[in-house]
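# Chain and residue survey
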Amino acid sequence: MSSIAVRVRARRKGAGLGLVAWLLGIVFFLPIAWMALTSFHSETDAATNPPSFGAALTLSGYREFFGTGGGASPWPALVNSLVASVASTLFVLLLAFPAAYALSIRPVKKWTDVLFFFLSTKMLPVVAGLLPIYLFAKNAGMLDNIWLLVILYTSMNLPIAVWMMQSFLAEVPVAVIEAAQIDGARLPTILARVVAPIALPGIAATSLICFIFSWNELLFARVLTGVVAETAPVFLTGFITSQGLFLAKVCAASLVVSLPVLAAGFAAQDKLVQGLSLGAVK
């Protein structure tokens, strides 16, 4: 087979794979596009069956979500979600980074067993630990406290963060660390000025995933918070009622609540892809 035929076949194969990727991307994007379009419809038009594509556009759903019509303001819930997600992600990085360093660059004995133990903590159904955590929070006087969610989200995301960062830090050249040690650098300096810059894509990918998990968490926030520490997902569920029309308002609220995650993913997309690819080709 000539080289020209091979290139033509490879080009056709690449075009076919590209077409499949575009089709899959459109399929995954359609629900989001539909949600965005529905959020700009009135409740009557949003509830029509079949859907009314050419219905008049309005901002009434967003006005109701932001409380301009006399409803509750979403800003306290959004701020609570931001505080819980950012604070827990920072704590996860502070704890996971040295742990991953110990398991990769300076591995302990049976480090694979240690990683399996970390991951095994994620195998317990969340609802199985809900009652003990609720009773502990009640006796400790921490119900409806945003810092209780920070502690919970930190402990929930720590295993997956250690597992991810271990694969990223394993790619750091040991010779660079040894050179820094010869120059007299101590461990904190090595971690901050040598290892962290090299593993930055992996750190960014881990941070984004932990932030998304914390921002989207609903069960613990629903049970353990009330008014003061209510998060955005809990606030969003308040729009779903057994009577009346609420589809446009829920779509508007869902789009607004999703924006921080979408913005973070878009801002860190290059680091995310680079970090996940680094761990995949280890």
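The rules behind the values
- Residues numbered from 1 in each chain as written.
- Predicted model: local features only at pLDDT ≥ 70, side-chain atom pairs only at ≥ 80, totals over all residues.
- Heavy atoms only, no water.
- Helix = DSSP H or I, 4+ residues; strand = E, 2+ residues; numbered from the N terminus.
- Buried < 20%, exposed > 50% of the residue type's maximum accessible area, 1.4 Å probe, protein only.
- Contact = heavy atoms within 4.5 Å.
- Areas by Shrake-Rupley, 256 points an atom, 1.4 Å probe, with all protein chains shown as cover.
- Phe/Tyr/Trp six-rings, centres within 6.5 Å; stacked < 30°, edge-to-face > 60°.
- Core = buried A, V, L, I, M, F, W, Y, C linked by side-chain atoms within 4.5 Å.
- Expected span 1.5 Å × (residues − 1).
- Bend = angle between axes of the 7 residues up to and from the residue.
- Polar contact = N/O pair within 3.5 Å; in protein donor to acceptor, adjacent residues only side chain to side chain.
- Patch = residues over 30% accessible without salt bridge, like charges linked within 9 Å, V, L, I, M, F, W, Y side chains within 5 Å.
- Salt bridge = Lys/Arg side-chain N within 4 Å of Asp/Glu carboxyl O.
- pLDDT = per-residue confidence, 0-100.

## Structural notes on the overall build of the protein chain
In terms of helices and strands, the protein chain carries 14 helices and zero strands. Residue burial in the protein chain is summarised as follows: out of 282 residues, 36% are buried. Partitioning the contacts of the protein chain with sequence separation of at least 6, the portion at a separation of at least 24 is 75%. Summed over all atoms, the accessible surface of the protein chain reaches about 16300 Å², with 71% contributed by carbon and sulfur.

## Let's talk about the packing of aromatic side chains
Within the structure shown, the criterion is met by seven aromatic pairs. A network of ring pairs unites the aromatic residues Phe65, Phe66, Trp75, Phe235 and Phe239 as a single cluster.

## Focus on the environment of Leu115
Residue placement: Leu115 occurs in helix 5 (residues 111-120). What makes Leu115 buried here is its relative accessible area of 8%. Spatially, the C-alpha atom of Leu115 lies 6.3 Å from that of Trp163, the residues being 48 residues apart in sequence. With residues up to four places along the chain from it excluded, the contact list for Leu115 reads Leu103, Val162, Trp163 and Gln166.

## Things to note about the nonpolar core
Among the nonpolar cores identified, the biggest contains 24 residues, and Phe97, Tyr101, Met165, Leu169, Ile177 and Val195 are the most heavily contacted of them. Where this core is concerned, the elements lending two or more residues are helix 4 (75-104), helix 7 (146-169), helix 8 (174-182), helix 9 (187-198) and helix 10 (200-216). In terms of residue count, helix 4 provides more of this core than any other element does, seven residues in total. For Leu169, the residues in contact, after removing those within four places along its chain, are Phe97, Ala100, Tyr101, Ser104, Ile105, Val195 and Ala199. Within the second largest apolar cluster, 19 residues are counted, among which are Ala232, Cys251, Ala252 and Val261.

## Observations regarding helix 7
Along an α-helix, residues three or four positions apart point the same way, because every turn accommodates 3.6 residues. The terminal C-alpha atoms of helix 7, which comprises 24 residues, lie 32 Å apart, in line with the 34 Å expected from a rise of 1.5 Å per residue. Of all the bends in helix 7, the largest measures some 40° and sits at Leu158, one to four residues before the proline Pro159. In terms of residue burial, helix 7 counts as a mostly covered element, since 18 of its 24 residues are buried. The N-capping residue of helix 7, defined by a side-chain oxygen 2.9 Å from the backbone nitrogen of Trp147, is Asn145.

## Observations regarding helix 9
Its 12 residues give helix 9 an end-to-end C-alpha distance of 15 Å, which sits within 8% of 16 Å, the value for a rise of 1.5 Å per residue. For helix 9, the full list of buried residues reads Ile190, Leu191, Val194, Val195 and Ala196. Here the buried face of helix 9 lies against helix 4, helix 7, helix 8 and helix 10.

## What to know about a nonpolar patch on the surface
On the surface, Val79, Val83, Phe91, Leu94, Leu95 and Trp147 cluster together into a nonpolar patch covering about 580 Å² of accessible area. Following the sequence through the fold, Phe91 ends up in helix 4. Under the relative-accessibility criterion, Phe91 is labelled partly exposed at 39%.

## Digging into the confidence of the model for the protein chain
The predicted model of the protein chain has a mean per-residue pLDDT of 84, with 89% of residues at 70 or higher. Across the protein chain, element-level confidence peaks in helix 11 (residues 219-224) with a mean pLDDT of 93 and bottoms out in helix 14 (residues 269-280) with 59.

## Topic: unusual backbone geometry
Located in the positive-phi region is Asp144, a residue other than glycine, with phi close to 60°. Note on placement: Asp144 falls in the loop between helix 6 (130-139) and helix 7.

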